[in-house]
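Residue strings, one per chain:
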Amino acid sequence: MEVRTRFAPSPTGYMHIGNLRTALYAYLHARKNGGKFILRIEDTDQARLVEDSVKVIYESLRVTGLEHDEGPDMGGPVGPYTQSERRPLYRQYAEQLVKEGRAYRCFCEKAEKQEEPGEPDEGQSIFGYDGRCGRLAEAEIKQKLDSGLPFVIRQKIDKEGSTSFKDFIYGDIVVENKQLDDQILLKRDGFPTYNFANVVDDHLMGITHVMRGCEYISSTPKYILLYRAFGWEIPEHIHLPHILGPDGKKLSKREGSAALSDLLAKGYLPEAILNYIALLGWNPGTEQEFFTKDQLVGAFDIARIGKAPAIFDETKMTWLNAQHVKALSPEKAHELFLKFYPDTVIKGFDAKKLSGYIQGKVEKLGDLPAMTSFLTGFDENYSTELFVNKKNKTTLESCKETLTDLHGLLSGVDAWEFNPLLNGVMGYSAQKPLKLGAVMWPLRIALSGMTVTPTGAIEIAELLGRDEALRRIALAINRL
RNA sequence: GCCCCCUUCGUCUAGCGGCCUAGGACAUUGCCCUUUCAAGGCAGAGAUCACGGGUUCGAAUCCCGUAGGGGGCGCCA
């Protein structure tokens, strides 16, 4: 049977990284098995519709390359793929259950959820519905209906016994039926709840593997009861452990890494993001950690998904991102860097050359402005203490001497290019004699005013150009 | 309150009864390289496998309990 997975986000306005991972796994599983990856929009909450948020979903899938085979934008054999357009279907199936006595109309007042949970009400549970409308007599129902009372449709759950299912990750899950609520299937406004729509749609759309966050694991028995009520085949259920923030709590927008857009803005490569989140809860069974998207497709296996929640560690993602940056072709890297360089760098310097020099050191593209600040934002008041370096045995005095020599030497260089510059400096260090590091250190400090730079002294000198480089060296000599 | 789930270095993880003196990666520390600080290479430190009982010749691996954490109990998804 063809594998069919789906990603079913609700349009909230941003792509949560946990949801993205769910999409990734569903995508990988479908691709790995030559199946179909379907996009379904779950917009059944009319009160929460966010303008343009469907676009965010399309855009997120596009930039990460998680292309779907069927969806609202391209159609497919089991459309429509937007739940708000499937309302008649849900009504039809809900009515069918009512007719069969597996669901009933409930005329009760809306039980507003308290915003502040506070102390749970003593005694009477605020949890669950007592099922009273399920015991209404035929005549009462007719009378309420005739008087135009609004109603919802609730699933009728026999409180005897228990219901179980086998989760692919978590194994057998058994729940006493008395724990199960007569959940609402169809809301007062005629829209289905998630609880109902997901079952109807997953079945109608032929989904073979239901992948979603493990917050649904407790309600899955209710879905199982629904599948049984309809006599539908139960798909494979694959509940995924959560991704947590550094504090071990839910990954929140405050961390600045909960949304895909945040990560992209910081300059993480889409492929690196996929690579990193794939490893949060899954491992290939080998020691490989660097994966392109295609390599993930090849290596992915739902059998190797773990059970424990994972903490999102931006440090490790940064490292992985650096690996992906290194793997880029120089042309591609430069093209991407261009989007992050300040205008002053692009206009004032050989940006292409710069990109080539620093590619191996870029961790995330958002660091580029700070990394290149020494070019345009040279701070002439840098501390002269920077010149003192134990390892290279440089002192303020030695640096002054070296720089004075270098200034004279470099002034005479014919072509201000990497090789002549390097040869000049190397010749000087050999002749002096001084360790190359002892020469390079003061030169680099003088040119950049920084102790750590994204590239070496010669490269910086070349990028700055003769006049500026010599000016900075002269400045350093004066200050020493 | 009731129910479900989870628990191996700081973090991501390997491990599915003997290969474990618990392996790898990030981070951290030190060394090396000397066409440069960095990057790269190498090495070290870091986990009484949450805790307590069992089962077994043998347990990180199986069973039970405890604790801690997470999730669910919405006319949200």
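Residues numbered from 1 in each chain as written. Chains lettered and ligands numbered in written order. Predicted model: local features only at pLDDT ≥ 70, side-chain atom pairs only at ≥ 80, totals over all residues. Heavy atoms only, no water.

Quick word on the nonpolar core
Counting residues in each nonpolar core, the largest one holds 52 residues, and the members touching the most others are Phe-337 and Phe-387. Among the elements that make up this core, the one with the highest residue count is helix H18 (residues 436-448) (7 residues). Discounting chain neighbours no more than four positions away, the residues touching Phe-387 are Tyr-382, Thr-394, Leu-396, Cys-399, Leu-403, Trp-441, Pro-442, Ile-445, Ala-446, Ala-476 and Leu-480. The next biggest cluster of nonpolar side chains, apart from the first, holds 44 residues, and it includes Ile-17, Leu-20, Ala-30 and Leu-251. (Core = buried A, V, L, I, M, F, W, Y, C linked by side-chain atoms within 4.5 Å. Buried < 20%, exposed > 50% of the residue type's maximum accessible area, 1.4 Å probe, protein only. Helix = DSSP H or I, 4+ residues; strand = E, 2+ residues; numbered from the N terminus. Contact = heavy atoms within 4.5 Å.)

Notes on the pairing of strand E2 (residues 36-39)
Where strand E1 (residues 4-7) meets E2, 4 bridges bridge the pair, whose relative direction is parallel. Across the sheet, residue Arg-4 finds its bridge partner in E2, namely Lys-36. (Pairing = 2+ DSSP bridges.)

Comments concerning the protein's contact with RNA strand B
Close to RNA strand B lie 65 residues; Thr-44, Arg-188, Asn-283, Glu-289 and Lys-361 are nearest. Within the contact set of RNA strand B, a phosphate oxygen lies 3.0 Å away from a side-chain nitrogen or oxygen of Asp-181. Ala-457 places a main-chain nitrogen or oxygen 2.9 Å from a base oxygen of RNA strand B. For the surface near RNA strand B, the element with the most residues is H18, which contributes 5 residues. (Near = heavy atom within 4 Å. Polar contact = N/O pair within 3.5 Å; in protein donor to acceptor, adjacent residues only side chain to side chain.)

So, the sheet that holds strand E3 (residues 103-106)
Ordered by their spatial adjacency, 3 strands build an open sheet running E3-E4-E7, and the pairing between neighbours is antiparallel. Lying at the two open borders of the sheet, with one neighbouring strand each, are E3 and strand E7 (184-186). When the angles between neighbouring strand axes are averaged without regard to direction, this sheet yields 45 degrees. Inspection of the sheet shows E3 paired to strand E4 (residues 152-155) by 4 bridges, in the antiparallel sense. Bridging across to E4, Arg-105 finds its partner in Ile-153. (Axes fitted to C-alpha atoms, helices over the stretch in contact; angles between N-to-C directions.)

Things to note about unusual backbone geometry
With an omega of -5 degrees, the peptide bond running from Gly-79 to Pro-80 counts as cis. As for its placement among the helices and strands, Pro-80 is situated in the loop between helix H2 (53-64) and helix H3 (87-99). With an omega dihedral of -10 degrees, the bond running from Lys-432 to Pro-433 counts as a cis peptide bond. Tracing the backbone shows Pro-433 in the loop between helix H17 (418-431) and H18. Unlike most non-glycine residues, Asp-52 shows phi in positive territory, near 65 degrees. Although it is not a glycine, Lys-393 adopts a positive phi angle of roughly 55 degrees. Relative to the assigned elements, Lys-393 resides in the loop between helix H15 (373-376) and helix H16 (396-411).

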